[in-house]
Amino acid sequence: AEDVARLARSAQVVVFSCESGEESSKAARLLRLAGAEPRLIDLDPKSEEGAVRRAELHRLTGCAAFPSVWIGGEFVGGCHEGPKAEAPGIVDLAFSGSLREKLDAAAAAAAEEKEKAAAASRDESAALSASERRFKELRYKFFFKAAVARVPEFGVGVEPAAIAEVDA
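Residues numbered from 1 in each chain as written. Predicted model: local features only at pLDDT ≥ 70, side-chain atom pairs only at ≥ 80, totals over all residues. Heavy atoms only, no water.

### Points about the overall build of the protein
Item 1. Scanning the protein from terminus to terminus reveals 7 helices and 4 strands.
Item 2. Going from the N terminus to the C terminus, the protein shows its helices and strands as α-β-α-β-α-β-β-α-α-α-α.
Item 3. The buried share of the protein, reckoned over its 168 residues, is 27%.
Item 4. For the protein, restricting intrachain contacts to residue pairs at least 6 apart in sequence, the fraction spanning at least 24 positions comes to 49%.
Item 5. When the accessible surface of the protein is totalled, it reaches about 10700 Å², and 56% of it is carbon and sulfur. (Helix = DSSP H or I, 4+ residues; strand = E, 2+ residues; numbered from the N terminus. Buried < 20%, exposed > 50% of the residue type's maximum accessible area, 1.4 Å probe, protein only. Contact = heavy atoms within 4.5 Å. Areas by Shrake-Rupley, 256 points an atom, 1.4 Å probe, with all protein chains shown as cover.)

### Remarks on the packing of aromatic side chains
Item 1. Tallying each qualifying case throughout the model produces 3 aromatic pairs.
Item 2. Where Phe 16 meets Trp 70, the ring centres are 6.5 Å apart and the plane angle is 80°; that geometry is what we call edge-to-face. Of this pair, Phe 16 sits in strand β1 (residues 13–17) while Trp 70 sits in strand β3 (residues 68–71); the two residues are 54 residues apart in sequence, bridging distant segments of the chain. You'll find Phe 16 and Trp 70 in the same group, each marked buried. (Phe/Tyr/Trp six-rings, centres within 6.5 Å; stacked < 30°, edge-to-face > 60°.)

### A few points about the side chain of Thr 61
Item 1. Within the secondary structure, Thr 61 is located in helix α3 (residues 48–61).
Item 2. Among the residues examined, Thr 61 registers a relative accessible area of 7% and is labelled buried.
Item 3. A polar side-chain atom of Thr 61 sits 2.7 Å from the main-chain carbonyl oxygen of Leu 57. (Polar contact = N/O pair within 3.5 Å; in protein donor to acceptor, adjacent residues only side chain to side chain.)

### Notes on the confidence of the model for the protein
Item 1. With 86% of its residues at a pLDDT of 70 or more, the protein has an overall mean of 85.
Item 2. Per-element mean pLDDT across the protein ranges from 64 in helix α7 (residues 160–167) up to 96 in β3. (pLDDT = per-residue confidence, 0-100.)

### Observations concerning the pattern of salt bridges
Item 1. Counted by the stated rule, this structure contains 11 salt bridges.
Item 2. For Glu 74, the salt bridge goes to Lys 102, with nearest N and O atoms at 3.1 Å. Here Glu 74, found in strand β4 (residues 74–77), pairs with Lys 102, found in helix α5 (residues 98–126); they are 28 residues apart in sequence, far enough to count as distant.
Item 3. Residue classification places Lys 102 among the partly exposed positions, given a relative accessible area of 22%.
Item 4. The closest approach of N and O atoms between Arg 100 and Asp 104, which form a salt bridge, is 3.1 Å. Taken together, the residues span about one helical turn, with Arg 100 and Asp 104 both in helix α5 at a distance of 4 residues.
Item 5. Taking relative accessible area as the criterion, Arg 100 reaches 39% and is therefore assigned partly exposed.
Item 6. Via salt bridges that share partners, Asp 3, Arg 6, Glu 49 and Arg 53 belong to a single interconnected network. (Salt bridge = Lys/Arg side-chain N within 4 Å of Asp/Glu carboxyl O.)

### Details of α3
Item 1. Taking 1.5 Å of rise per residue, 14 residues should cover 20 Å, and α3 covers 20 Å from first to last C-alpha, within 8% of that figure.
Item 2. Regarding α3, the residues found buried are Gly 50, Arg 53, Glu 56, Leu 57 and Thr 61. Buried residues in α3, looked at end-on, bunch into an arc of 125°, giving them a common side. Among the exposed residues of α3, those oriented more than 90 degrees off its buried face are Glu 48, Val 52 and Arg 59.
Item 3. As for α3, its buried residues are in contact with α1 (2–8), β1, β2 (39–42), β3 and β4.
Item 4. Looking one or two residues beyond α3, the residue adopting positive phi is Gly 62, at roughly 75°. (Expected span 1.5 Å × (residues − 1). Arc of directions from axis to C-beta.)

Rendered as structure tokens:
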């Protein structure tokens, strides 16, 4: 159960298909025309994993037909139809103008998630302990001095003030 939900959220647009049928190919093509790059997940009907995932998709969506299209982790139906008004399929969404809105919202959410991850990384760097900061500083000085020691080999001069600044 978690596997299908995780896969549905694994990209801005996910298309579950079964044996890469004509409708699945059409859905992927239409999504590309709308500017999306869908992640295609083929649920092999001959594999146990594919059968389990197909059953889970049916349980989650109430729809046994393929493709199963997800935008921003939300089920939107198949290519031409869907099981309910809020998941009518991508063709109906395109004609109503909702497809572009959903794709834009998914892209914005992905960008926000990426920014949060970047901010968390920056916060982690800022949260270095004093000893970690001191270690990084000493490592920088060591490599700078090693590089300066090799400068005469290349015929380049280094200002004494720059060396004194690193030693400070």
